[in-house]
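Residue-level structure breakdown
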Amino acid sequence: MWLRSFVVAVALQLSVVGANAAGPFGSVNVGNWIGGAFSNDETGAFSHCAATTPYANGVILVVGYNAAGTWTLAFASPSYRFKQGENAAIDVIFDGQEQARLFATANQPNMLTSVMPINVVRTFQKASLMVATSGRTALNFDLTSTGPVIAALANCVTRVKADGLGKAGDFTKGAAKPAATAEKQTSPPAGGKSARTKSGTGFVVSTSGHIVTNQHVIDGCAGDIKGNLTGGAAMVLRVVSSDANNDLALMQAPSTTPFKDFARIRDRSIRSGDAVVAIGFPYHGILTSDFTVTTGIVSSLRGMRNDSRFLQISAPVQPGNSGGPLFDSTGQVVGVVTGKIPALRIAVATGNIPENINFAIKTGVLRDFLDNSVVPYQTAEPKGELKTTDIAANARPYTMLISCNATEQADAKR
């Protein structure tokens, strides 16, 4: 309850002019965002609309839109101790591409507030991920619900200015696009859906250039799907087959592309407690352009709700690791990384932040899929253990960044 109270409190505090505020009047409820309309305590006049949401990193985002038409973004935390009027520059990156610098001021000891230019509001509304950096601190924010929140806040200001605070209601109903999005935008592809870049990981499993990834990595791709080996030129990949039920997809590189190196699938069952290595391209465009390597163990031989198709692993993975190879300590493939537990949702539901709970598709499911697609893959018996550096070096020639332009309605899980 203290967290919810603090969330409401920072929404009350959010005001460009720094005046006291009362509210909320009416409501904004979208996903984990809560808020409404607020008045100036000194004059009783409508001041602004705001919504807040907490994150597992301990920071609460506050988005505000005031009666004068100014958008604000605030970063709040009970642990912050700012001096009144203290300033800070905050660099934000959206989906690893668009960047902006915000100039924030501490109007309250526990909150930094910045004005958001219209172009930043538009990007914030459409993005899936924001990385905010100030000094040496970098924080990630999932922006899944920001589109409808921006629309609801714009609707809130419009309705309150027209009807007054006394008629405030549910501002998420009948919310129109905010004025910030009225600027001319790039024409969307056919079908009226705007496009964004999405990426994941894949790995080569035959000399013929067959490449395995997750089905959700290529789902919603508009136009060409491209694959890049580290340091290599992009190649257009052809989709051979896919299995949405088991979240697997098979692609093939152009016939002119030779593959001397490819992954071999372990021919013996793995056990709980065995060491594993995950390789992939998480947060491509934000982190390194090279693949990343993480290590852990097999935590369980079953996935969510005892699903026997999956392994639970402790090796850390992030968006972009999906479709990547999971290796045993001998360098043989023992799974296909497919996702992680939704930590923020679990934290909101239980009050606890889950750690190192990730999942990979078992090789039995993968081999059935490849057999049905008539792929000449190879298996191998686990032999001597390798250093993690050697496993990564061996995987470099056949672990691939997968990317495409995707519609906004494509599955955001990567």
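Residues numbered from 1 in each chain as written. Predicted model: local features only at pLDDT ≥ 70, side-chain atom pairs only at ≥ 80, totals over all residues. Heavy atoms only, no water.

Some remarks on the overall build of the protein chain
Going by this rule: Starting at the N terminus, helices and strands are each numbered in turn, a helix being any DSSP run of H or I of at least four residues and a strand any DSSP run of E of at least two. Working definition: with a 1.4 Å probe on protein chains only, accessible area under 20% of the residue-type maximum means buried, over 50% means exposed, and in between means partly exposed. Here, residues are in contact when the closest pair of their heavy atoms is within 4.5 Å. For the accessible areas, the method is Shrake-Rupley and the probe is 1.4 Å, while residue cover comes only from the protein chains on display.
When its secondary structure is counted, the protein chain shows seven helices and 24 strands. The burial tally for the protein chain puts 49% of its 414 residues in the buried class. Across the protein chain, contacts joining residues at least 24 apart in sequence account for 63% of those joining residues at least 6 apart. Of the roughly 19100 Å² that the protein chain leaves accessible, carbon and sulfur atoms contribute 49%.

Some thoughts on the pattern of salt bridges
As a reminder of what qualifies: The working definition used for a salt bridge is a side-chain nitrogen of Lys or Arg within 4 Å of a carboxyl oxygen of Asp or Glu.
Applying the stated criterion across every chain yields a total of seven salt bridges. Among the ionic pairs, Asp274 bridges to Arg271, the shortest N-O distance being 3.4 Å. Relative accessible area serves as the criterion here: at 15%, Asp274 is assigned to the buried category. You can call Arg271 exposed: its relative accessible area is 57%.

A few points about the pairing of strand β2 (residues 33-40)
Along any regular strand the residues' side chains alternate between the sheet's two faces. For the record, the criterion: Two strands form a pair only when DSSP identifies at least two bridges running between them.
Of all eight residues in β2, eight are buried; the element is thus mostly enclosed. By the bridge criterion, six bridges tie β2 to strand β3 (residues 46-54) in an arrangement that is antiparallel. When the bridges of β3 are listed, Ile34 appears paired with Thr52. In textbook terms, the turn of a hairpin is the stretch between consecutive antiparallel strands, and for β2 and β3 this stretch comprises five residues, one of which, Gly44, has a positive phi near 80°.

What to know about the state of the cysteines
Filter applied, for reference: When the sulfur atoms of two cysteines come within 2.5 Å, that pair is taken as a disulfide.
Under the counting rule described, the total for this entry stands at two disulfides. Each disulfide pairs two cysteine sulfurs, and for Cys49 the partner residue is Cys156, the sulfurs being separated by 1.9 Å. Sign of the S-S torsion, about -75° for the bond between Cys49 and Cys156, identifies this disulfide as left-handed. Residue Cys49 is located in strand β3, and its partner Cys156 is located in helix α3 (residues 146-163); the two are separated by 107 residues in the primary sequence. Across the disulfide, Cys221 is cross-linked to Cys404 (sulfur-sulfur distance 2.0 Å). Between Cys221 and Cys404 the disulfide shows an S-S torsion of about -70°. By sign, it is left-handed. Of this pair, Cys221 sits in strand β13 (residues 221-229) while Cys404 sits in strand β24 (residues 399-407); the two residues are 183 residues apart in sequence, bridging distant segments of the chain. The exposure class of Cys404 is buried, given its relative accessible area of 5%. Cysteine pairing for the protein chain, with bonded cysteines counted in sequence order: 1-2, 3-4.

Looking at helix α6 (residues 363-372)
For clarity, the cut-off: Arc definition: it is the arc formed by the directions from the helix axis to the C-beta atoms.
Residues of α6 that are buried include every one of Thr363, Val365, Leu366, Phe369 and Leu370, and no others. For α6, the angular spread of buried residues about the axis comes to 155°, placing them on one side. Val374 occupies a position one or two residues after α6 and carries a positive phi of about 55°.

Concerning the nonpolar core
As a rule of thumb, soluble globular proteins bury nonpolar side chains together. Note the threshold: Definition used in this section: a nonpolar core is a set of buried Ala, Val, Leu, Ile, Met, Phe, Trp, Tyr and Cys residues joined via side-chain atoms within 4.5 Å.
Met130 and Phe141 are the most contacted members of the largest nonpolar core, which totals 45 residues. For this core, the element with the highest residue contribution is α3, accounting for eight residues. When neighbours within four sequence positions are excluded, Phe141 is seen to be in contact with Tyr55, Asn57, Val59, Leu61, Phe75, Ser128, Leu129, Met130 and Ala132.

Side note on the packing of helix α2 (residues 118-126) against α3
Selection criterion: In this description, a line fitted to the C-alpha atoms serves as the axis of each element, helices being fitted only across the stretch in contact, and the angle between N-to-C directions of two axes falls anywhere from 0 to 180 degrees. Small angles under 35 degrees read as roughly parallel and large ones over 145 as roughly antiparallel, with 65 to 115 read as roughly perpendicular and the rest as oblique. Under the convention adopted here, Pro, Cys and the residues Ala, Val, Leu, Ile, Met, Phe, Trp and Tyr are nonpolar, Asp, Glu, Lys and Arg are charged, and Gly plus all remaining residues are polar.
The interhelical angle for the contact between α2 and α3, taken along N-to-C directions, is 130°, at an axis separation of 6 Å. On the basis of the axis angle, α2 is oblique to α3. Touching Val121, Phe124 and Gln125 of α2 are Thr146, Gly147 and Ile150, all from α3. Of the residues in the contact of α2 with α3, the class split is three nonpolar, three polar and no charged.

Some remarks on the packing of aromatic side chains
Put simply, the test is: For this analysis, a ring pair means two rings from Phe, Tyr or Trp (six-membered ring only for Trp) whose centres lie within 6.5 Å, classed as stacked if their planes differ by under 30 degrees, edge-to-face if by over 60, and tilted for the remaining angles. The criterion is that NZ of a Lys, or CZ of an Arg, lies within 6 Å of the ring centre and within 35 degrees of the ring normal, and then a charge sits over that ring.
Per the counting criterion, the structure on display carries six aromatic pairs. Each ring, one from Phe281 and one from Phe291, has its centre 6.2 Å from the other, and the planes form 70°; the classification is edge-to-face. Of this pair, Phe281 sits in the loop between β17 (275-280) and β18 (292-300) while Phe291 sits in the loop between β17 and β18, placing them 10 residues apart in sequence. Of the two residues examined, Phe281 and Phe291, each falls in the buried class. Cation over ring: Arg264 sits above Phe262, and NZ or CZ is 4.4 Å from the ring centre. Over the face of the ring belonging to Phe291 we find Arg396, whose NZ or CZ atom lies 4.5 Å from the ring centre.

Some remarks on the side chain of His210
Note on placement: His210 falls in strand β12 (residues 210-213). Of the residues examined, His210 reaches a relative accessible area of 9% and is grouped as buried.

With respect to unusual backbone geometry
For Arg305, which is not glycine, the phi torsion reads 50° and is therefore positive. By secondary structure assignment, the location of Arg305 is in the loop between β18 and β19 (310-313). Positive phi values are uncommon outside glycine, yet Asn306 reaches one of about 65°. By the element assignment, Asn306 lies in the loop between β18 and β19.

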